[in-house]
Amino acid sequence: MTGQVGAERGVRVEGRPPHLVPYQGSKRRLAPAILAQVGERRFVRLIEPFCGSAALTLAAAQRGVAGQFLLSDTFDPLTALWRQALSSPLSLATDYEALWQAQFSDGAGHYNAVRARFHEVPTPAQLLYLLARAVKNAPRFGRDGHFNQSADRRRHGVHPDRVRAQALQVAALLSGRCDVKTDDFRSILKDIQPGDLVYLDPPYQGTSGSRDRRYVAGLTRAALADALRPLAERRDIGLLVSYDGRTGARTHGEELPDELGLRRVELPAGRSSQATLHGRMEWTVESLYVGGCLA
């Protein structure tokens, strides 16, 4: 479905899928390798319960992997961002531009002021601006659940023209065929129907604890395995799970239990930027677990 036209906006989506939400850990680069596990199969609906940047959903929509989509997350400001991107992409881009332009007149305290307002009454444009300006585009959360990542002082964030173009492309791909929910992934998984393709990119071990809170809420390996167990052997759905990996000799979490019967594939994710900063050349590999009719 590459080249699909959003007729009401006259936007043609070609080339790489749009990348509206800058999110550390986004599967944008890995999406082609993940979708390679799908092959030529087509599904009724693609469900992404930890939606983040929605990279896999956008890539799948462009390829025509499914006809309907469901994005979900427990972080309400993020799901609100996706709702506005689908229903009012130009208003989202306009609101973002106002925040982006204000940083040049308000001075160094602008980012912190936006972040403080976001804690009080969050808006989609505020979240988009904070992620665009945050160090490494990496959300970090305090124990109170507040977004507490600092600004990257070396850059000003994504230019508004690019945000506008990306938002219009997102709407062209997904408007009218994508639902957005704010819900726990376990509730979403209970409503999986025959013909669905499910992609989960949950918090990895070590990314949600007291020392490294990259997510509002954490998730244990045992809880994830329990939720996957009813789906693992179903042959009327497709199941893909990104979980754990390694950088050099260091592993990032334990593998999912063998008892689930999922096929594990290692996907090269490129050179580690963190290791490069410390003068080391190390490569990152991420694990993909494949189940259902794809196993």
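Above this note sits the structure.
Please read these numbers as outputs of a predicted model, since none were measured by experiment.

Peer 1: Just checking my understanding: could you explain the overall build of the protein chain for this structure?
Peer 2: Within the protein chain, the secondary structure is distributed over 10 helices and 10 strands. Classification of the 295 residues of the protein chain by burial places 52% in the buried group. By sequence separation, contacts in the protein chain at least 24 residues apart represent 70% of the contacts at least 6 residues apart. Working note: accessible area of the protein chain is about 13600 Å², and carbon and sulfur atoms make up 49% of it.

Peer 1: Mind showing me how you'd approach the nonpolar core here?
Peer 2: Across soluble globular proteins, nonpolar side chains show a tendency to be buried alongside one another. Core analysis: the largest hydrophobic core is formed by 61 residues, its most contacted members being Leu 20, Val 21, Trp 82 and Leu 240. Ignoring sequence-local partners within four residues, the contact set of Val 21 consists of Ser 53, Leu 78, Leu 81, Trp 82, Leu 128 and Leu 131. If you look at the next biggest cluster of nonpolar residues, it comprises 24 residues, including Val 198, Leu 228, Leu 231 and Tyr 243.

Peer 1: Please explain helix H2 (residues 55-63) as it appears in this structure.
Peer 2: In an α-helix, one turn spans 3.6 residues; hence positions three or four apart end up facing the same way. Burial of H2 is extensive: eight of the nine residues sit out of reach of the surface. Turning to H2, its buried residues number three or more, namely Ala 55, Leu 56, Thr 57, Leu 58, Ala 59, Ala 60, Ala 61 and Gln 62. On the buried face of H2, the contacting elements are helix H1 (31-35), strand S3 (43-48), strand S4 (66-73), helix H3 (76-87), helix H7 (160-174) and strand S6 (196-200). Gly 64 occupies a position one or two residues after H2 and carries a positive phi of about 75°.

Peer 1: Can you help me understand the pairing of strand S7 (residues 238-247) in this one?
Peer 2: The side chains of a regular strand alternate between the sheet's two faces. The buried fraction of S7 amounts to nine of the 10 residues, a majority that puts the element mostly inside the structure. When S6 meets S7, the two strands line up parallel, connected through four bridges. Across the sheet, the residue bridging to Leu 197 is Gly 238, located in S7. Bridging between S7 and strand S8 (residues 250-251) involves two bridges; their strand directions are antiparallel. From the neighbouring strand, Thr 247 faces S8, where its bridge partner is Arg 250.

Peer 1: Please clarify how the environment of Gln 68 should be interpreted in this entry.
Peer 2: Structurally, Gln 68 can be placed in strand S4. Given a relative accessible area of 39%, Gln 68 falls into the partly exposed group. Counting along the chain gives 22 residues from Gln 68 to Leu 46, while the straight-line C-alpha distance between them is 6.4 Å. Setting aside its immediate chain neighbours within four residues, Gln 68 contacts Val 44, Arg 45, Leu 46 and Arg 177.

Peer 1: Would you take a moment to explain the pairing of S4 for this structure?
Peer 2: Among the eight residues in S4, six count as buried, and that is most of the element. With five bridges connecting them, S3 and S4 associate as parallel partners. Its bridge partner being in S4, Leu 46 is matched across the sheet by Phe 69. Each parallel crossover has a hand, and for S3 linked through H2 to S4 it is right-handed. Sheet topology note: the S4/strand S5 (residues 178-182) ladder contains five bridges and is parallel. Bridge pairing in S5 links Leu 71 to Val 180.

Peer 1: Where do I start with the side chain of Ser 53 in this structure?
Peer 2: Here Ser 53 is to be found in the loop between S3 and H2. A distance of 2.8 Å separates the side chain of Ser 53 from the side chain of Ser 26, its partner in a polar contact.

Peer 1: Explain the environment of Ala 151 to me, please; I cannot follow it from the model alone.
Peer 2: Looking at where Ala 151 falls in the secondary structure, it is placed in the loop between helix H6 (124-133) and H7. Judged by its relative accessible area of 19%, Ala 151 is buried. Residues Ala 151 and Arg 115, spaced 36 residues apart in sequence, show a C-alpha to C-alpha distance of 9.9 Å. Ignoring sequence-local partners within four residues, the contact set of Ala 151 consists of Tyr 111, Arg 133, Ala 134 and Val 135.

Peer 1: Got a minute to help me understand the packing of helix H4 (residues 89-106) against H7 in this structure?
Peer 2: For any two helices packed against each other, the geometry is given by the interaxial angle and the distance between the axes. One way to put it is that H4 packs onto H7 with a least axis distance of 9 Å and a crossing angle of 160°. Classified by the angle between their axes, H4 and H7 sit roughly antiparallel to one another. Crossing handedness for the pair H4 and H7: right-handed. On H7, the residues that touch Pro 89, Leu 90, Ala 93, Tyr 96, Glu 97 and Trp 100 of H4 are Pro 160, Val 163, Arg 164, Ala 167, Leu 168 and Ala 171. Residues belonging to the contact of H4 with H7 are distributed by class as follows: 10 nonpolar, no polar and two charged.

How each quantity is defined
- Residues numbered from 1 in each chain as written.
- Predicted model: local features only at pLDDT ≥ 70, side-chain atom pairs only at ≥ 80, totals over all residues.
- Heavy atoms only, no water.
- Helix = DSSP H or I, 4+ residues; strand = E, 2+ residues; numbered from the N terminus.
- Buried < 20%, exposed > 50% of the residue type's maximum accessible area, 1.4 Å probe, protein only.
- Contact = heavy atoms within 4.5 Å.
- Areas by Shrake-Rupley, 256 points an atom, 1.4 Å probe, with all protein chains shown as cover.
- Core = buried A, V, L, I, M, F, W, Y, C linked by side-chain atoms within 4.5 Å.
- Pairing = 2+ DSSP bridges.
- Right-handed = clockwise from strand over helix to strand, strands pointing away.
- Polar contact = N/O pair within 3.5 Å; in protein donor to acceptor, adjacent residues only side chain to side chain.
- Axes fitted to C-alpha atoms, helices over the stretch in contact; angles between N-to-C directions.
- Parallel < 35°, antiparallel > 145°, perpendicular 65-115°, else oblique.
- Left-handed = near helix turned anticlockwise from the far one by under 90°.
- Nonpolar A, V, L, I, M, F, W, Y, C, P; charged D, E, K, R; others polar.

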